[in-house]
Amino acid sequence: MSGDRPSPLVIERILRDREGIWQQIVAERDLNALTGRMLTSSAIALACYGGVLGFFHSPLMALTSALKLPLLFLVTLVICLPTLYLFNLVFGARLSVRQSLALVMVAITVTSMLAVAFAPISLFFLITANDYGFFKLLNVAILTLSALVGLRFLTSGMQVLNDHGLLAPVAANATVDEQVGAPAPVQAVPAAVPVGATPAAAPVAGQSAEPVAVPAGAAVAESTPNGAVTTAPAPAQVPAQWPGQPAGASFPPGMLPPGYVAQRPWDGRSVRRGEPTQRPASMTLLYIWILLFGFVGTQLAWTLRPFFGDPGQDFAFFRSIDGNFYAEILRTIANL
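Residues numbered from 1 in each chain as written. Predicted model: local features only at pLDDT ≥ 70, side-chain atom pairs only at ≥ 80, totals over all residues. Heavy atoms only, no water.

1. Concerning the overall build of the protein
Scanning the protein from terminus to terminus reveals 10 helices and 4 strands. Beginning at the N terminus, the succession of helices and strands in the protein can be written as α-α-α-α-α-α-α-α-β-β-β-β-α-α. Classification of the 336 residues of the protein by burial places 38% in the buried group. Contacts spanning at least 24 positions in sequence make up 69% of the contacts within the protein whose residues lie at least 6 apart. For the protein, the exposed area adds up to about 19,000 Å²; of that, 65% sits on carbon and sulfur atoms. (Helix = DSSP H or I, 4+ residues; strand = E, 2+ residues; numbered from the N terminus. Buried < 20%, exposed > 50% of the residue type's maximum accessible area, 1.4 Å probe, protein only. Contact = heavy atoms within 4.5 Å. Areas by Shrake-Rupley, 256 points an atom, 1.4 Å probe, with all protein chains shown as cover.)

This is the structure:
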């Protein structure tokens, strides 16, 4: 599916054509429309899932949960997005605000759509196993799994932007000539041709010539300034170095390197002089930001509670802020 032919469902395009999504974010093409579609789809999906959560208590709680669950993700995004953007700026990345927002919205869209896909399962256990503690832990597990999958999409998108150099510092785009000095030219060693033999054609520029084997002690031809040709015994060994061999290595006896030019040892990368090199950006800050996003989200969820509604208490739009999310989860597990 092409990126220029959008699917009616944005989640379908994200899952089927994720490379097209990443390329669109890299090119910053129609990001406002893409982000708007993802925001609308996420809000609808989270509202549907929130209605299932609150329906455990009452229809009124279902309505409030349908409003508060999209608000939870939206406010968490508003709190954490500036941190992600500033992290990128501090460490030399070239992401725009729209690109950062689109990347995070991809993660939230995947999370919300996966959560609403679990809604029938949650509703099934709501009907067949009317236990408040079990229902709460089940849905926390569903939201956690959905969020992990969504954040996996975020790291994949960041890796694509890293491959395009948007996360690499500007200094990493210096050319090879600027990073390392150009090697000093080395005079080529002329090929040795035995007397009476037909000299081989000179190697074409840019092509490497094979060494010529000369028996030890055999006569080789030398030309004098006046054009006369004299003979001299070939050396038994020429102290030279093959390209890529360690210093001190020598050719076998009688082997002369015609047209040999000194080269740098090959380091596994095929880099031409003048081409930009790119240092891979570290993804550590992204993982730190993901942890921050998770902590902010869980604390905000505790602040906006109730989402499920304790059947032993009356309806309330908000509860008093006491305790924390993690202590409540541990207490619920202990009560089971």
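2. Let's talk about a nonpolar patch on the surface
On the surface, Leu60, Leu63, Leu67, Phe315, Phe317 and Phe318 cluster together into a nonpolar patch covering about 580 Å² of accessible area. Within the fold, Phe315 resides in the loop between α9 (284-304) and α10 (325-335). (Patch = residues over 30% accessible without salt bridge, like charges linked within 9 Å, V, L, I, M, F, W, Y side chains within 5 Å. Salt bridge = Lys/Arg side-chain N within 4 Å of Asp/Glu carboxyl O.)

3. Side note on the packing of helix α4 (residues 59-90) against helix α5 (residues 97-117)
Look at α4 against α5: their axes get within 10 Å of each other, and the N-to-C directions meet at 140°. As judged from the angle between their axes, α4 and α5 are oblique. Here α4 runs over α5; the crossing is right-handed. Contacts between α4 and α5 involve Phe73, Leu77, Leu81, Leu84, Tyr85 and Asn88 from the former and Val97, Ser100, Leu101, Val104, Met105, Ile108 and Thr111 from the latter. (Axes fitted to C-alpha atoms, helices over the stretch in contact; angles between N-to-C directions. Parallel < 35°, antiparallel > 145°, perpendicular 65-115°, else oblique. Left-handed = near helix turned anticlockwise from the far one by under 90°.)

4. Here's the deal with the packing of aromatic side chains
Scanning the entire structure with this criterion turns up 9 aromatic pairs. Ring centres of Phe56 and Tyr132 lie 5.7 Å apart, and the angle between their planes is 40°; on these two criteria the pair is classed as tilted. One end of the pair, Phe56, is in the loop between α3 (31-54) and α4; the other, Tyr132, is in helix α7 (residues 132-163), and 76 residues separate them in sequence. Classification of Tyr132 by relative accessible area gives partly exposed; the value is 23%. Between Trp289 and Phe293, the ring centres sit 5.2 Å apart and the planes meet at 35°, which makes this aromatic pair tilted. Here the residue Trp289 and the residue Phe293 both occupy positions in helix α9, the gap between them amounting to 4 residues, near one helical turn. Neither Trp289 nor Phe293 differs from the other in exposure class; each is buried. (Phe/Tyr/Trp six-rings, centres within 6.5 Å; stacked < 30°, edge-to-face > 60°.)

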